[in-house]
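# A closer look at the structure
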Amino acid sequence: MDLDFSEEQHRFQESVREFARTRLAPRYAADDRSGTLDRRTREEMAGLGLMGLTIPERYGGQGADALSTGIAAEELSRADFNAAYLLLIPMLAAEVVLSAGTEEQRERILPAIADGSALPCFCLTEPGHGSDAAHLTMRAERDGTGTGTGGDDGTGTGGGGWRLTGEKTSISLGMIADSAIVFARTAPGGARGVSAFHISLDDPSIQRSAFRDLGSRAIGRAAIHFDGLRLPADALIGSEGDGFVKCMQSFELSRAIIGLMCLGLASAALQEAIEYARSREAFGRPIGAQQGVAFPLAEAATMIAGARWVCYEALWRRDQGRPHRVQASMAKWWAPKVAVETAHQALLTLGHSGYSEELPAGQRIRDLIGLEIGDGTAQIMKTLVAREVIGKTARPY
Ligand SMILES: Cc1cc2nc3c(=O)[nH]c(=O)nc-3n(C[C@H](O)[C@H](O)[C@H](O)COP(=O)(O)OP(=O)(O)OC[C@H]3O[C@@H](n4cnc5c(N)ncnc54)[C@H](O)[C@@H]3O)c2cc1C
């Protein structure tokens, strides 16, 4: 058993940490105030290959393993939690194309994601179906007049396209993305009737509206409305009815990555609180010398260490080709909770200054809460864990 990263992973961690500290950290609060992600963040992350980490090199990506992707997510978030969404969402989209798409689709779609020239969003949630996504109602119906390859001149080759009708909601990056992976129903029933589509969002018939959110304002969420949007036949990724299964497999990666995003930000909050506890004096000594201040910080350090291990175990297992759904589900409910609690405790440690917008303590809490919900709530994650540890196929503990 080796509990350390490889030399190469350590070097990668250092380089991402340095980039994030020097380039991203100064923008974290400013982007929150402006409600937009600084244009340079996308350019610089794309330039470093951080938007196509998991995409194989033959499609223009970095071909990184899951563990290294987790390292990058943690380090980015330490400085700018929202910048890490630019790793997370394109990764999720790319996973679906990689696992379900044809070779032609991979060659067509992935290089632009990898070099940052295309920014995809991931459209699963609907107004009536969030946790219960298997019963989503957006329709993709066969359209005899659709084109095969989707050429701008409408002269596709395959014939028999699709028409997309319905609304997706709560879509991260939805206001600024230029393409989307959309899950839609191609047959009645539950999960097996759901298919995945890759679509361009430049059609003027597509309506988008922004949410006014508590946190992650630089990323934003959108409701996206499709009213009979015509798609070429090859917008369908892979086979009909494949979509939901591929989506869930992608979540086994993203859930551990989200865990590390949250813990990266929590670590930054904890570090700030520790430094303050060392330097701030009250009643003649540093406040950190009081157990009342020190113990909550010690508890937070312990919780972060435990939750971090679960996240990295999930990613390590993925890299080994071993099952990791249970670890990913544990990571997704536990790490965001630990992170929110840590960020709250860190704010309290800073006293009145923590409550001011001069410091990022409050923004951290607002941003973290979003990923207690996004990509699956704690209750749903615990349901998945329970299935694995109590259900019929559970292994003895
Ligand atoms: C910051 C953020 C970013 C997001 N980004 C995206 C995105 O990019 N793409 C996308 O498709 N979606 C995205 N979402 C949507 C997110 O995935 C859903 O909000 C989430 O899956 C929960 O769905 P819901 O909000 O409809 O809640 P509901 O499913 O209505 O649930 C409401 C409450 O009931 C609980 N609940 C529901 N069913 C059960 C059950 N069986 N047992 C116990 N409790 C239950 C839930 O845990 C929750 O607390 C994002 C959400 C947020 C907050």
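Whatever comes next refers back to the structure up there.
Below, the structure is looked at part by part.

### Side note on the nonpolar core
Looking at soluble globular proteins, one finds that nonpolar side chains tend to be buried together. Met-45, Leu-76, Phe-81, Phe-122, Ile-181, Phe-183 and Leu-315 are the most contacted members of the largest nonpolar core, which totals 96 residues. Those residues in contact with Leu-315 that lie beyond four places of it in its chain are Ala-66, Leu-67, Gly-70, Leu-253, Ala-256, Ile-257 and Leu-260. If you look at the next biggest cluster of nonpolar residues, it comprises 22 residues, including Cys-121, Met-138, Leu-164 and Ile-171.

### Some words on the site of the ligand
Around the ligand sit 18 residues in total, of which Phe-122, Thr-125, Ser-131, Ser-172 and Thr-377 are the nearest. Asp-375 is positioned with one of its backbone polar atoms (N or O) 3.4 Å from an oxygen atom of the ligand. Contacts to the ligand include Gln-379, whose side-chain N or O atom sits 2.9 Å from an oxygen atom. Relative to its free-state accessible area of 970 Å², the ligand is covered by the protein chains to the extent of 62%. Here the ligand is seated within the largest pocket. The set of elements that each furnish at least two residues to the shell around the ligand consists of β1 (120–123), β3 (161–172), α10 (361–373) and α11 (378–389). The element that contributes the greatest number of residues to the shell around the ligand is β3, accounting for three residues.

### Details of the pairing of β1
Residues Pro-120 and Phe-122 point to one face of β1 and Cys-121 and Cys-123 to the other, with burial holding for every one of them. As paired elements, β1 and strand β4 (residues 179–185) share four bridges and run parallel to each other. Note on β4: the bridge partner recorded for Phe-122 is Ile-181.

### Overview of the packing of aromatic side chains
All chains considered together, the criterion is met by five aromatic pairs. Consider the rings of Phe-81 and Tyr-85, whose centres lie 6.1 Å apart with planes at 85°: the pair is edge-to-face. Each member of the pair, Phe-81 as well as Tyr-85, is classed as buried. Taken together, Phe-122, Phe-183 and Phe-251 form an aromatic cluster joined through their ring pairs. Sitting over the ring of Phe-211, Arg-221 keeps its end group 4.1 Å from the ring centre. If you follow Lys-382 out to its NZ or CZ, it ends over the ring of Trp-333, 4.4 Å from the centre.

Parameters at a glance
- Residues numbered from 1 in each chain as written.
- Predicted model: local features only at pLDDT ≥ 70, side-chain atom pairs only at ≥ 80, totals over all residues.
- Heavy atoms only, no water.
- Core = buried A, V, L, I, M, F, W, Y, C linked by side-chain atoms within 4.5 Å.
- Buried < 20%, exposed > 50% of the residue type's maximum accessible area, 1.4 Å probe, protein only.
- Contact = heavy atoms within 4.5 Å.
- Near = heavy atom within 4 Å.
- Polar contact = N/O pair within 3.5 Å; in protein donor to acceptor, adjacent residues only side chain to side chain.
- Areas by Shrake-Rupley, 256 points an atom, 1.4 Å probe, with all protein chains shown as cover.
- 1 Å grid on protein atoms, 1.4 Å probe; cavity = no way out; pocket = protein on both sides within 12 Å on 5 of 7 lines; lining within 4 Å.
- Sits in = over half its atoms within 2 Å of the grid points.
- Helix = DSSP H or I, 4+ residues; strand = E, 2+ residues; numbered from the N terminus.
- Pairing = 2+ DSSP bridges.
- Phe/Tyr/Trp six-rings, centres within 6.5 Å; stacked < 30°, edge-to-face > 60°.
- Lys NZ or Arg CZ within 6 Å of the ring centre and 35° of its normal.

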